[in-house]
Amino acid sequence: MHKNAIPRKNIKEMAQFANLPYCSMKINNVGQFVNEPDVIAATLIKKVSTYLPIENREIIVYFRGKELSLNEWKQREVNWAVFQSPSKNSLVDKVWYEHVQKMINEGGLFKKIATYVSLARRLMLAQGTQKYKQILKVKFTGHGIGGAYALLAGCLYELEALNDNLSDTFGDQTEIYTFGQPRIGNKDFAILVNEKCSIIRVTHTNDYVPQFPVAKEGEQYVHSNVEHWIASRECDCPNPDDYEPIYRCEVFGDPGENPNCNSGQLYKEAESNLAHKGSYLGITIGDCKTGMEGMQRYINTRSILKTGKK
């Protein structure tokens, strides 16, 4: 376990997007102040949205998942499905996987992302060939079960991108950021994620959700090898690296979880919901005020970069 190398601002920005679906009353407001020349935003399908800041050359797809109580997590039955990959041994949670497949096949998720990729490339080309040659990223993010959707959809998208030569259909890079994400699949799926999927899995202090589901017998749920753990603690210290340090927790060899990080923390049942929606570098999941204020600053910054206005 050592200090994290991922820039704090990257994690904080993606936490803002993971928080957005919880603020459904505010999403239209996002559309209003995103209406800048360098930004296009649109709802794809229910609970899934994209956000495209052209200046930053990235398309962001964010998900919201169903919230479960601690008792519901404890009682949840294991039901596996085979993940779409070269290995037939990669098993994932059937309910979550079928939901993501429905988003892709019936909701046209990837086709709609492709539309935004094409639009981004046209706008980048219009700004000059140098910008067109720069990398266009497609990022997936979500909190809790929304993080499970983000990982499943992001991995499927990244695998399709690797197998497709139509560069204008996919982004140049895929990144997946999940926050408080539960376990999703078995050991073989975790190996696939380690090798093929560009995930940054963020956990928080003693959040209990990443410690579930737990199979009572047979095939077990396993996380991929790397975790980025925000070890929040109370202290009178001005440096955020001191009171909210981020550690890179890694397991070498077989997939698993570092017991010095989230999986080794004891959660308190009375505080379980609070811990799950805990602060991710100042972004409290479900707190629309701080989340939306942060989002507006994020967008305003890119508007300034685009127009040069002060």
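Visitor: Sorry, what's going on with helix α8 (residues 187-196) here?
Guide: Turn by turn, an α-helix covers 3.6 residues, leaving residues three or four places apart pointing in a common direction. Here α8 has its buried residues at F189, A190, L192 and V193. Here the buried residues of α8 occupy an arc of 160° about the axis, which is enough to place them on one side. Where α8 is buried, its residues meet β6 (91-93), α7 (145-163) and β9 (199-204).

Visitor: I'm lost on the pattern of salt bridges in this one. Help?
Guide: Per the stated rule, a full pass over the model turns up seven salt bridges. Between R248 and E250 there is a salt bridge, with the nearest N and O atoms lying 3.1 Å from each other.

Visitor: Can you walk me through the packing of helix α4 (residues 94-105) against α7 in this structure?
Guide: Helix-helix packing is described using two parameters, namely the angle between the two axes and the distance between the axes. Interhelical geometry of α4 versus α7 gives an angle of 60° and a closest axis separation of 10 Å. Taken together, the axes of α4 and α7 are oblique relative to one another. The crossing of α4 and α7 is right-handed. Note on element contacts: α7 touches α4 through I145, A148, Y149, L152, A153 and L156, opposite W96, Y97, H99, V100, M103 and I104. Of the residues contributing to the contact of α4 with α7, the split by class is eleven nonpolar, one polar and no charged.

Visitor: It is not clear to me how the nonpolar core should be interpreted in this structure. Could you clarify?
Guide: Nonpolar side chains tend toward joint burial in soluble globular proteins. One finds F63, F83, L109, I113, F140, L152 and F189 to be the most contacted residues of the largest nonpolar core, which totals 45 residues. Here this core takes eleven residues from α7, the largest share from any one element. In terms of nonpolar packing, the next biggest core, distinct from the first, is built from 19 residues, I11, M14, I60 and Y62 among them.

Cut-offs applied
The residue numbers shown here count from 1 along each chain, following its written sequence. Restriction of local features to residues with pLDDT of at least 70 applies here, the model being predicted, together with a cutoff of 80 or more for giving and counting side-chain atom pairs; totals for whole chains, interfaces and linings are based on all residues. Where side-chain values are given, they derive from all heavy atoms of the structure, hydrogens and water being excluded. Each residue is assigned to one of three classes by its accessible area relative to the maximum for its type, calculated with a 1.4 Å probe on protein chains only: buried under 20%, partly exposed between the two thresholds, exposed over 50%. Secondary structure elements are taken from DSSP: a helix is a run of H or I of four residues or more, a strand is a run of E of two residues or more, and numbering for both begins at the N terminus. Note: the arc covers the axis-to-C-beta directions of the helix. A contact between two residues is defined here by any heavy atoms of the two lying within 4.5 Å. The term salt bridge refers to a side-chain nitrogen of Lys or Arg lying within 4 Å of a carboxyl oxygen of Asp or Glu. Every angle, taken between N-to-C directions, lies between 0 and 180 degrees, and every axis is a line fitted to C-alpha atoms, over only the stretch in contact when it is a helix. Our angle categories are set so that under 35 degrees counts as roughly parallel, over 145 as roughly antiparallel, 65 to 115 as roughly perpendicular, and the remainder as oblique. A crossing counts as left-handed when the near helix is turned anticlockwise from the far one by less than a right angle, and as right-handed when that turn is clockwise. Lys, Arg, Asp and Glu make up the charged group, whereas Ala, Val, Leu, Ile, Met, Phe, Trp, Tyr, Cys and Pro make up the nonpolar group; the residues left over, Gly among them, are polar. To define a nonpolar core, start from buried Ala, Val, Leu, Ile, Met, Phe, Trp, Tyr and Cys residues and group those joined through side-chain atoms within 4.5 Å.

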